[in-house]
Amino acid sequence: MATARKSEPSFRASVNTLFDNAIRHLNISKGLAEKIRVCNSTYTVRFGVKLRGDFQTFTGYRSVHSEHAEPVKGGIRYALSVNQDEVEALAALMTYKCAIVEVPFGGSKGGLCINPRDWSEDELERITRRFAFELIKRDLINPSQNVPAPDMGTGEREMAWIADQYKRMNTTDIDARACVTGKPLNAGGIRGRTEATGRGVQYALQDFFRHKEDVKVSGLKGDLKGKRIIIQGFGNVGYHAAKFLHEEDDARIVHIIEYNGALSNPKGIKVQAAKDWFSEHGTFKGFSGGTFTEKTEHLFEAECDILIPAAMEGVINLDNADHIDANVIIEAANGPVTAGADEILRKKGTVIIPDMYANAGGVTVSYFEWVKNLSHIRFGRMQRREEEARHRMLIDEIERATGDKVSKVFKERYIKGADELTLVRSGLDDTMRNAYASMRELWHQKRSDDANFDLRTAAYMISIQRVADSYRALGL
Ligand code: NAD
């Protein structure tokens, strides 16, 4: 994979440039724009854990970008590349992300400089609990102030440790479980959270393809069926997006690019089989359902209909933007396209579905989980059976009145009351559709004057305006 040229601005500067592109279209004072742009605070902690017979020192961050709504929300990333600039850029994106999908949170993000593969599970638990301790005692993890979630390198397991650590330090807090989202079900999680970001990417693409006018701008035709897709990053987000697009929309996943090699199959990769192999062997090498290549740079630039970067930031940059051969890029990762590359791609006519919207499925379902934790009851528990009884009554009445039998498949599907997973998916789909509707309306309105006006600027404009309105209401 190409790394960004030295002349390319940092991730944080890149986010600021995209922010400034949008501010130009808005009637917001310079002072308020600056208040929204800056990161409110970043806490850096260096803590020690005694492991392998000696003290090991770790560096972690928790950044709060905007507290116009609280709690603030944002994942915790485990990677050696974590640094203050990155955490602040990601926290800023969280503010805009929550605003675009109307989730009532401010933006935050955390990170720990660590390669999780270097440590055993027991060691990771001790490191995570110690990091959590440092953040909890400063209210940087707190159900009403700051609620983390998983990000790159973390998942359900780490969230369960954090939730338990919080509970141990706040034994009488009845809402303790709401201090973090993305937990396993048995620790207060919600059905559908693990798949949520990838599922949101699928819903975003489905809605894009529902609008023929938008598909036409990208130069594509038809629906998702048979579309050639390249995915970079086969972790939580990349795997779920690939799986749903392949299994439910009949799209063709032609390349999956991982850090240690890629898998290709022009007829379409069987995603679940590829995942099973990758989970067992840690590589695609040896998998019979496609061709393995160690060098992956050229594949990222291969011809496709849709490119899904789902690994990390800055992967589409000044070095390779000219060579990207996709009609649509959907940013499943945060910040995969640098500001410089964004300009090149905009001029080329590539449609970019921006990160703040495309990967908002995670924070949306996190919001549902937080609400579930605060209400202390599973969604659907009160109404499901009552709904089923009413539906059954209607079917029985139709059958009695007509003397005909309703088909078994219809009957089963119609009668079934909505369980938690159904409600979560429905809420996520609704959220993605509403957010897209507001973005595309502005996109088309502005495009009539400026053919280069893009979805990202529309998304920033809507988010910034919403944050500005909150600040104005707060009297700042
Ligand atoms: P993950 O750790 O589960 O998966 C990331 C995958 O990318 C891993 O399989 C890793 O090996 C691979 N990868 C790393 N470097 C790579 C490279 N250079 N080339 C190819 N593959 C590489 O992380 P995730 O949770 O899936 O997050 C991925 C991206 O999505 C991040 O940008 C994250 O901020 C963003 N995101 C995640 C969530 C979420 O709910 N997990 C929500 C919103 C956004």
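Residues numbered from 1 in each chain as written. Predicted model: local features only at pLDDT ≥ 70, side-chain atom pairs only at ≥ 80, totals over all residues. Heavy atoms only, no water.

Regarding the site of the ligand
Rule in force here: The criterion for a residue being near a molecule or strand is simple. One of its heavy atoms has to lie within 4 Å of it. Two N or O atoms count as a polar contact when they lie within 3.5 Å, although within protein this holds only if one can serve as hydrogen donor and the other as acceptor, and sequence-adjacent residues are included solely when both atoms are side-chain atoms. To measure how exposed things are, a 1.4 Å probe is used in the Shrake-Rupley method; for residues, cover is taken only from the protein chains shown. In DSSP terms, a helix is any run of H or I states spanning at least four residues, a strand is any run of E spanning at least two, and both are numbered starting from the N terminus. Note that the domain bounds reflect an automated or database-derived domain assignment.
With respect to spatial proximity, 24 residues lie near the ligand, and among them Arg77, Asp151, Thr197, Glu258 and Asn334 are the closest. A distance of 2.8 Å separates an oxygen atom of the ligand from a polar side-chain atom of Thr197. In isolation the ligand has 820 Å² of accessible area, and contact with the protein removes 87% of it. At the level of elements, helix 8 (236–249) and strand 7 (252–258) are the ones that each hand at least two residues to the shell around the ligand. Inspection of the shell around the ligand shows a minimum of three residues originating in each of domain 1 (40–187) and domain 2 (196–361 + 432–471).

Description of the pairing of strand 8 (residues 261–264)
Worth spelling out the cut-off: Between buried and exposed lies partly exposed: a residue is buried under 20% and exposed over 50% of the maximum accessible area for its type, with that area taken using a 1.4 Å probe on protein chains only. Pairing between strands is defined by DSSP: at least two bridges between them are needed.
Residues Gly261 and Leu263 point to one face of strand 8 and Ala262 and Ser264 to the other, with burial holding for every one of them. If you look at the hairpin formed by strand 7 and strand 8, you'll find two residues sitting between the two strands. Direction of pairing for strand 8 relative to strand 9 (residues 291–293): antiparallel, over a ladder of three bridges. When the bridges of strand 9 are listed, Leu263 appears paired with Phe292.

Some details on the packing of helix 1 (residues 11–23) against helix 11 (residues 339–348)
To keep it simple, the criterion reads: Whenever a helix is involved, its axis is fitted only over the stretch in contact; in every case the axis is a line through C-alpha atoms, and angles between N-to-C directions fall within 0 to 180 degrees. Working rule for angles: under 35 degrees goes down as roughly parallel, over 145 as roughly antiparallel, 65 to 115 as roughly perpendicular, anything else as oblique. By definition in these notes, contact holds between two residues if any of their heavy atoms fall within 4.5 Å. Each residue gets one of three labels, nonpolar for Ala, Val, Leu, Ile, Met, Phe, Trp, Tyr, Cys and Pro, charged for Asp, Glu, Lys and Arg, and polar for the others, Gly among them.
As a packed pair, helix 1 and helix 11 sit with axes 8 Å apart at the nearest point and diverge in direction by 45 degrees. In this view, helix 1 runs oblique relative to helix 11, as classed from their interaxial angle. Contact with helix 1, carried on its side by Ser14, Thr17, Leu18 and Asn21, involves Ala339, Asp342 and Arg346 of helix 11 and no other residues of that element. By residue class, the composition of the contact of helix 1 with helix 11 is two nonpolar, three polar and two charged.

With respect to the sheet that holds strand 5 (residues 146–150)
Sheets are built from strands that pair by backbone hydrogen bonding, the pairs being arranged parallel or antiparallel. Here five strands make up an open sheet; going across it, the order is 1-2-4-3-5 and the pairing mixed. Edge positions in the open sheet fall to strand 1 (41–51) and strand 5, since each of these has one partner strand only. Taken over all neighbouring pairs, the strand axes of this sheet differ in orientation by 25 degrees on average, direction set aside. Here strand 3 (residues 72–78) pairs with strand 5 via five bridges, running parallel. Bridging from a neighbouring strand, Lys73 pairs with Val147 of strand 5. Running over the sheet, helix 3 (residues 84–100) touches strand 1, strand 2 (54–66), strand 3 and strand 4 (106–112) and is turned about 150 degrees from strand 4.

Quick look at the sheet that holds strand 12 (residues 351–353)
Spatially, 9-8-7-6-10-11-12 is the arrangement adopted by the seven strands of the open sheet, whose pairing is mixed. Two strands bound the open sheet, and with one partner strand each, they are strand 9 and strand 12. Here the average twist between neighbouring strands, direction ignored, is 20 degrees. One ladder, built from five bridges, connects strand 6 (residues 228–232) with strand 7; its direction is parallel. By the bridge assignment, Arg228 is partnered in strand 7 with Arg252.

Quick word on the domain arrangement of the chain
Rules: Here's the idea: put two parts together, see how much 1.4 Å probe accessible area each one loses, and the total over both is what we call buried area. When a carboxyl oxygen of Asp or Glu lies within 4 Å of a side-chain nitrogen of Lys or Arg, that pair is called a salt bridge.
Here the chain is described as being made up of domain 1 (40–187) and domain 2 (196–361 + 432–471). Relative to domain 2, the C-alpha centre of domain 1 lies at a distance of 27 Å. Listed as interface residues are 19 residues of domain 1 and, on the opposing side, 21 residues of domain 2. Between domain 1 and domain 2 the total buried area reaches about 1600 Å² when both faces are included, carbon and sulfur atoms providing 62% of it. When the buried surface of domain 1 facing domain 2 is broken down by residue, Tyr96, Lys97 and Ile100 rank first, second and third, together holding 37% of it. Run the count over domain 1 and domain 2 and you get one salt bridge. The residue Arg77 makes a salt bridge to Glu313 at a minimum N-O spacing of 3.0 Å. Here domain 1 and domain 2 share seven residue pairs in polar contact (both at pLDDT 80 or more) between them. It is helix 3 that provides the largest number of residues to the side of domain 1 that touches domain 2, a total of eight residues. Considering only residue class, the side of domain 1 that touches domain 2 consists of seven nonpolar, four polar and eight charged.

Describing helix 17 (residues 455–474)
Inclusion rule: By this rule, a helix spans an expected 1.5 Å times one less than how many residues it contains.
Taking 1.5 Å of rise per residue, 20 residues should cover 28 Å, and helix 17 covers 29 Å from first to last C-alpha, within 8% of that figure. Positive backbone phi, at 90 degrees, marks Gly475, one or two positions downstream of helix 17.

Some thoughts on the packing of helix 1 against helix 3
At their nearest, the axes of helix 1 and helix 3 sit 7 Å apart, and the two run at 30 degrees to each other. By the angle between their axes, helix 1 is roughly parallel relative to helix 3. Side by side, helix 1 and helix 3 meet where Phe11, Arg12, Val15 and Phe19 of the first sit next to Asp85, Glu86, Glu88, Ala89, Leu90, Ala92, Leu93 and Tyr96 of the second. Considering only residue class, the contact of helix 1 with helix 3 consists of eight nonpolar, no polar and four charged.

What to know about helix 13 (residues 361–375)
Between its first and last C-alpha atoms helix 13 spans 21 Å; for 15 residues at 1.5 Å apiece the expected length is 21 Å, and the two agree. Every buried residue belonging to helix 13 is among Gly361, Gly362, Val363, Thr364, Val365, Ser366, Phe368, Glu369, Trp370, Lys372 and Asn373, and all of these are buried. Directly beyond the C-terminal end of helix 13, a positive phi value near 60 degrees is found at His376.

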